[in-house]
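So the chains spell out like this:
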Amino acid sequence: MRNHNERRLLVSVITITLNSEKYIADTVQSIMSQSYPYIEHIVIDGASKDRTVAIVKELNPKAVIISEPDNGPLEAANKGLSIAKGDIIAFLHSDDYYANEQVIQKVVDTFISNESVKVLYGIVQAVDSADGKIIMRHGRPVTSKDFGLKYLKAVLEFDIMPGLAVFARKEVYDTIGLFSSEYAVIADGEYNLRVIKLYKPFFLNEVITIMRSGGISSQNVFKAHKAVYKLLRRENVSFIDALGYYFYCCIRTFFSKLFLNTGMRGIFLLYRRMKG
């Protein structure tokens, strides 16, 4: 039985949408079904032309909705942060959903029982959008081997602090500031690198979010690799190490796309599932 004198922490969940009617109901329903009742759902919509906003209103009349033209997901994310009232803030994409009804309750319990914890993250489970089968998992605890370039890679590859499973106290966002337009294509990773310089993330060994695969285009993947190179150099990683990691990412992406585009999708997904 819960202590009724326990402080009621408000959790703000920010969802960014644009013509997201295909999956937005799953996202909203996964929030509405949470056992923890003190949740503010903020939907920042880029003036969708489909039924996205109508679906959100139907399923959650109390949702905070802003629907207007914007300059993309980065501006929308920062807009959401600027109006969030929660003690704890998280992001949930418009085609993803929470793993079960107890997710936010477990997150809040962790924050309450560990007042020193400012940022926590769990596990993101990626599934094939075609058949729902698990492709891989992101999220593991920080170990003694995580330092230097290895630590940076783990954060940027979302082994540590996968963005869709991160919950942080509002003071963290107030301290770190907004997402950077300079690194728009890797905004989550760049933001997390700023976070870990000031806060020690706490790992909650629970599947937090189910993420549908897909989304980022091939062009943006290679843009992301270039941005990661630039970011690593900013973080004082040597030219050779940063360039080597850049080429590794490009080669990995090339062969991934090759498998997917040559009728070998099944083999590729099987490999990802075994690796995950």
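An account of the accompanying structure is given in this report.

Reading the values: rules and limits
Residues numbered from 1 in each chain as written. Predicted model: local features only at pLDDT ≥ 70, side-chain atom pairs only at ≥ 80, totals over all residues. Heavy atoms only, no water. Helix = DSSP H or I, 4+ residues; strand = E, 2+ residues; numbered from the N terminus. Contact = heavy atoms within 4.5 Å. Buried < 20%, exposed > 50% of the residue type's maximum accessible area, 1.4 Å probe, protein only. Arc of directions from axis to C-beta. Axes fitted to C-alpha atoms, helices over the stretch in contact; angles between N-to-C directions. Parallel < 35°, antiparallel > 145°, perpendicular 65-115°, else oblique. Left-handed = near helix turned anticlockwise from the far one by under 90°. Nonpolar A, V, L, I, M, F, W, Y, C, P; charged D, E, K, R; others polar. Phe/Tyr/Trp six-rings, centres within 6.5 Å; stacked < 30°, edge-to-face > 60°.

A word on the side chain of T17. Relative to the helices and strands, T17 is located in strand β1 (residues 11-17). Excluding residues within four positions of it along the chain, T17 makes contact with I24, V43, I44, D45, G46, S48, T52 and S94.

Taken residue by residue, helix α1 (residues 24-32) has I24, T27, V28, S30 and I31 as its buried positions. The buried residues of α1 occupy one face: seen down the axis, they fall within an arc of 160 degrees.

For the pair helix α5 (residues 148-156) and helix α7 (residues 187-198), interaxial distance at closest approach is 9 Å and the crossing angle is 130 degrees. Relative to α7, the element α5 lies oblique. Remark: the crossing between α5 and α7 carries right-handed chirality. Note on element contacts: α7 touches α5 through G189, N192, L193 and I196, opposite Y151, L152, V155 and L156.

Let's shift gears to the packing of α1 against helix α2 (residues 52-59). Think of two packed helices as two axes; the pair is described by the angle between the axes and how far apart they sit. Running from N to C, α1 and α2 point in directions that differ by 25 degrees, and their axes come no closer than 10 Å. In terms of orientation, α1 lies roughly parallel with respect to α2. Relative to α2, the crossing made by α1 is right-handed. Between α1, through I24, A25, V28, Q29 and M32, and α2, the contact on the second element is made entirely by T52, I55, V56 and L59. Taken together, the residues of the contact of α1 with α2 sort by class into seven nonpolar, two polar and no charged.

Using the criterion set out here, one finds nine aromatic pairs in the structure. With a centroid separation of 6.0 Å and 25 degrees between ring planes, the pair formed by Y245 and Y248 is classed as stacked. Of this pair, Y245 and Y248 are both found in helix α9 (residues 239-261), three residues apart, which corresponds to roughly one turn of the helix. Take Y248: its relative accessible area is 42%, and that puts it in the partly exposed class.

Distances and angles like these do not, on their own, reveal function.
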